[in-house]
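# Structural features, examined
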Amino acid sequence: MNKKYVLAYTIALATLIITMWLGVAIGSVRIPLEVLWNPSINETAANILWQIRMPRVLLAALVGASLAIAGAAFQGLLKNPLADPYTLGISSGASVGAVATIFFSISVPLLGIFTLPIFSMIGAIVTMFLVMSFARLVDRTMKMETLILTGIIFSSFLGSMISLMIALTGEELRQIMSWLLGSVSMRGWPYVQMIIPFVIIGSFILWWNRRELNAMLYGEERAQYLGVNVKRSKMQVLIGGSMLTGAAVAVSGTIGFVGLVVPHMTRMLWGADHHHLLPLSMLHGASLLIICDLISRTIIAPTELPIGVITSFVGAPVFAYIFFKQRRRKGVA
Amino acid sequence: MLHVQQVSGGYGNEAYVQDVSFTVQKGEILGVLGPNGSGKSTMLKLISGALPMLSGDVALQGKPLRAYAPKELAKKLAVLPQLHANTFTHTVREVVSLGRYPHQSGFFSSWRDEDEQAVVQAMAQTDVIQYADTEMEFLSGGEQQRVFVAQALAQKADVLFLDEPTNHLDIAHQRQLLDMVRTEAKIHGLTVVSIFHDMNLAALYCDRLLLMEKGRVRIIGEPHEVLVDAQIEQVYDVDVVTRAHPKEATPQVTILPSVSLQKEARVTAEHIHITEEAVVLQSPLPLRVLSSAVYNAGLGWYRTLINRTVDPLYDVTNVSDEFAQFIRKLGALPTNCVGMMTALTTDHAVIREFNSEAGHLIVAVTAGVGKAIDVSKTCERTSHYEVGTINTWVIVNGELTDEAFVQAMMTATEAKVKALQIEEVRDQTSNTIATGTATDSILIASTQQGQQHAYAGTASLLGKWVGHAVFETTVEAIQRYKQLKEMAR
């Protein structure tokens with residue numbers, strides 16, 4: 001590995017460790033670092049650390065990592081710097097699953113508290129397959145343009161379904177609203193445990209396709225000439241990305257722009273080679289979401305802001321900037 | 001190596017490309033030509049598997065294309081499609097390294113020395129190695145094109161398909177790229193099928209050419225079979241002239257503009273000015289000239305003809321530069337000028353006009369026959385030749401074919417010999433009738449407007465008049481030479 005990437009990973013890991021420490025240490029109760037290895041010096045602090053802050057920080061890290069790597073992979077696949085799980089309608093699908101669960105008060109005894117997250121994952125994957133099937137109906141070779149347009153159609157439709165359900169909910173409105181804006185608070189260890197297998201499997205699938213993603217940046221035709229099984233890779237990346245998106249939306253609601261901002265920054269800093277772009281995006285995504293969560297719970301303490309408010313506050317201007325730059329580049333060329 | 005049999009297909013269910021069949025041998029370069037929209041790129045996509053065929057078969061090394069797994073096919077066949085803009089950019093090395101994709105497998109990195117060597121070699125071959133760590137977006141279109149060529153080469157496939165590989169390249173890099181492709185083909189047995197926009201480049205570098213017309217093969221064959229005027233005119237709907245390449249054994253095609261910018265004009269003796277230094281013809285329109293002149297000999301288009309008087313001891317070692325200076329001093333352009341030299345003063349020049357049924361002819365002769373020789377006796381001579389010169393200009397207001405130019409030269413030469421005979425000019429050494437001098441020069445020029453002359457042999461209309469005119473003028477020039485010599489005594 002060349003020096004550039006040694007530096008890149010060192011910085012990314014150091015940032016993650018520092019943000020994790022800040023994430024567990026700062027809050028209404030300041031937690032001394034010693035508690036980590038010696039809980040007996042302050043039982044209350046140890047409790048807050050292990051039962052509240054640590055799962056919260058880990059969940060933020062896993063959600064951030066999932067959204068970032070999924071965004072990086074979708075952008076590479078779609079050759080579109082503005083693409084992320086939302087463009088394909090996958091997040092909307094996950095949200096519909098979750099909102100429907102709340103609206104109809106669905107409760108499957110066997111799933112218990114996991115009813116909500118599992119339904120939102122199902123929503124994500126079902127939406128992804130619907131989008132894929134519709135795109136294939138429109139165009140047998142599933143051109144990228146067709147996929148994006150299909151995603152927009154499904155997003156709009158699913159968005160209106162969510163709005164309808166919110167309008168009909170009445171008293172449950174606050175709960176749905178807070179879920180929609182996204183949060184990693186008060187989730188605890190069970191949520192961390194349930195997201196981990198999906199994060200590992202999803203990331204593995206995307207990492208497996210890193211060379212194919214590099215090749216597909218130059219167009220599907222060229223990728224095919226290089227020996228890439230384009231259809232298979234495309235399907236794998238979409239499934240891997242949907243799994244990660246579904247899992248993230250399930251445990252934390254709709255947290256926008258992480259999948260857009262992080263890969264863009266990583267690409268600017270370290271280049272577009274997916275070999276490193278994917279893992280570096282994960283690390284940076286984790287750090288970013290921990291920081292955002294820290295800000296959301298401290299900035300107007302004791303009141304907590306939904307984390308999605310913070311990410312959108314940072315993300316929307318970046319989105320505008322990328323859009324502006326892309327259009328300008330196209331205008332010049 | 002590659003067998004394409006009755007392939008039809010296109011986008012969707014419409015068979016835009018129909019019934020294409022050809023075979024390419026190992027180490028052969030096949031060029032694909034055709035007008036825009038004739039199906040060249042579609043055909044290449046069909047036979048490379050990027051588009052599904054509606055019917056037909058493609059076999060690569062005896063195995064059907066569809067029987068190959070994607071990676072296996074990429075090891076055998078590399079394709080360079082046309083350049084497209086990209087959103088994200090990799091460094092040059094990363095792009096070229098993608099060419100090693102079919103040779104890699106496994107979850108973890110399996111980059112071997114062999115891969116590194118192939119990448120470095122490909123970058124060196126295409127002259128992009130100095131940009132190895134530069135991002136693609138900072139390269140020009142031509143440089144990007146070379147990077148993608150390097151990517152295809154790094155694939156180390158046996159067969160290479162190229163879609164207009166010289167797009168965006170300047171001529172130096174066009175040559176470099178095609179030289180390299182030819183070297184790979186001839187030395188390492190690379191088999192190449194390449195689409196060309198420029199049929200002259202294709203003729204220079206391809207063993208065979210395939211001409212497409214409306215999705216079908218019009219003809220496949222060696223360049224001289226394909227680049228035939230009538231055929232190109234039909235397929236492209238444009239007037240062309242095919243000529244041999246000046247140095248290579250292959251045809252080159254030139255288009256003929258449908259609108260001529262040349263005004264109609266005539267050349268007469270009034271356009272000739274005689275000064276002490278030279279006889280100069282300044283033509284109102286470019287003349288097509290075939291000559292054995294000192295300056296700008298051969299075939300070309302020129303407006304200024306010069307017959308220059310020089311000292312008999314003129315130093316000929318640097319004649320080209322010296323003559324160019326002289327032309328500039330006259331206010332003419334060296335690239336637009338044909339120049340002869342003679343030791344005779346300009347008052348020796350005889351200029352005659354002939355308003356004949358073969359058109360208006362001008363003949364100008366300076367005949368320095370003091371050192372005349374008999375061509376049939378020259379091989380008996382041992383001493384070196386002394387300088388004497390008969391310079392003959394024949395300017396025709398008319399349009400001559402290439403045959404007519406050559407025949408006009410023969411006719412004019414015969415007329416000159418006859419003039420020497422009539423005037424009894426003798427070879428001083430053998431004492432026989434002379435046929436010319438050792439440094440005679442001749443020039444046939446035509447306006448290429450007006451009356452058309454297919455031939456200028458002695459029996460043709462133009463030939464008769466050229467013979468008559470050159471004979472008359474040369475006789476007069478010899479007489480004047482004798483006269484002036486007499487007077488000088």
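On a predicted model such as this, the values are computed, not experimentally measured, just so you know. The residue numbering used here restarts from 1 in each chain and proceeds along that chain's sequence as written. Key to labels: chains lettered from A, ligands numbered from 1, both in the order written. Per-residue local features of the predicted model are confined to residues with pLDDT of at least 70, and side-chain atom pairs are confined, for both listing and counting, to 80 or more; whole-chain, interface and lining totals are unaffected and use all residues.

What follows concerns the overall build of chain B. From N to C terminus, chain B includes twelve helices and 22 strands. Radius of gyration means the value over C-alpha atoms here, while the globule rule gives 2.2 Å times the residue count to the 0.38 power. The C-alpha radius of gyration computed for chain B amounts to 31 Å, which surpasses the reference 23 Å derived for 489 residues by more than 25%, pointing to a less compact arrangement than a globule. Seen through its C-alpha atoms, chain B measures out along the principal axes to roughly 105 × 45 × 45 Å. Residues classed as buried in chain B amount to 44% of the 489 residues present. Once C-beta atoms are placed from the backbone, any two residues with those atoms within 7 Å are in contact. Contacts spanning at least 24 positions in sequence make up 72% of the contacts within chain B whose residues lie at least 6 apart. Only DSSP runs of H or I covering at least 4 residues are called helices, and only runs of E covering at least 2 are called strands; the numbering of each starts at the N terminus. The burial label depends on the number of other C-beta atoms within 10 Å of a residue's C-beta. Counts of 20 or more mean buried, 12 or fewer mean exposed, and intermediate counts mean partly exposed, with C-beta atoms placed from the backbone.

So, on to the pairing of strand β8 (residues 191-195) of chain B. Residues and elements named next belong to chain B. Most of β8 sits out of view: five of its five residues are buried. DSSP calls a pair of strands paired once it identifies at least 2 bridges connecting them. Of the pairings in the sheet, the one linking strand β3 (residues 29-33) to β8 comprises four bridges and is parallel in character. Along β8, the bridge assignment pairs L30 with V193. Sheet topology note: the strand β7 (residues 159-163)/β8 ladder contains five bridges and is parallel. Residue V159 lies in a different strand from β8, and its bridge partner there is T191.

Residue and element names in this part refer to chain A. UniProt positions are given in the numbering used here, feature names are shortened, and annotations may be inferred rather than shown by experiment. Mapped onto this numbering, the UniProt entry annotates "transmembrane region" (unreviewed entry) at residues 7-29, 57-74, 86-106, 112-135, 147-168, 188-208, 237-262 and 305-324. Along residues 147-168 the backbone is 100% helical and 0% strand, and the end-to-end C-alpha distance reaches 32 Å. Along residues 237-262 the backbone is 81% helical and 0% strand, and the end-to-end C-alpha distance reaches 18 Å.

As a further point, take the sheet that holds β3 of chain B. Strands in a sheet are paired, the pairing made by backbone hydrogen bonds, and the direction either parallel or antiparallel. All names here are of chain B. Ordered in space as β6-β7-β8-β3-β9-β10, the six strands form an open sheet in which the pairing is mixed. The open sheet has two edge strands with one neighbour each: β6 (77-80) and β10 (216-221). Mean inter-strand twist for the sheet, computed between neighbouring axes without regard to direction, equals 15°. Examined bridge by bridge, strand β9 (residues 208-213) and β10 share five bridges and lie antiparallel to one another. Bridging across to β10, E213 finds its partner in R216. Against the sheet, helix α1 (residues 40-48) contacts β3, β6, β7, β8 and β9, and its axis sits at roughly 155° relative to β7. Axis angles are defined between N-to-C directions and span 0 to 180 degrees, where every axis is a line fitted to C-alpha atoms and, for a helix, only to the segment in contact.

Attention shifts here to the interface of chain B and chain A. At the interface, 24 residues of chain B touch 23 residues of chain A. Listed by contribution, the elements that provide at least two residues to the side of chain B that touches chain A are α2 (70-76) and β6 of chain B. At four residues, α2 of chain B tops the list of elements feeding residues into the side of chain B that touches chain A. Residues are grouped as follows: Ala, Val, Leu, Ile, Met, Phe, Trp, Tyr, Cys and Pro are nonpolar; Asp, Glu, Lys and Arg are charged; every other residue, Gly included, is polar. In terms of residue class, the side of chain B that touches chain A is made up of 13 nonpolar, nine polar and two charged.

This part is about the sheet that holds strand β4 (residues 53-60) of chain B. All names here are of chain B. Reading across from one edge, β2-β1-β4-β5 is the order of the four strands in this open sheet, with antiparallel pairing throughout. The open sheet has two edge strands with one neighbour each: β2 (17-24) and β5 (63-64). As paired elements, strand β1 (residues 2-9) and β2 share five bridges and run antiparallel to each other. The residue bridging H3 from the neighbouring strand is T23, located in β2.

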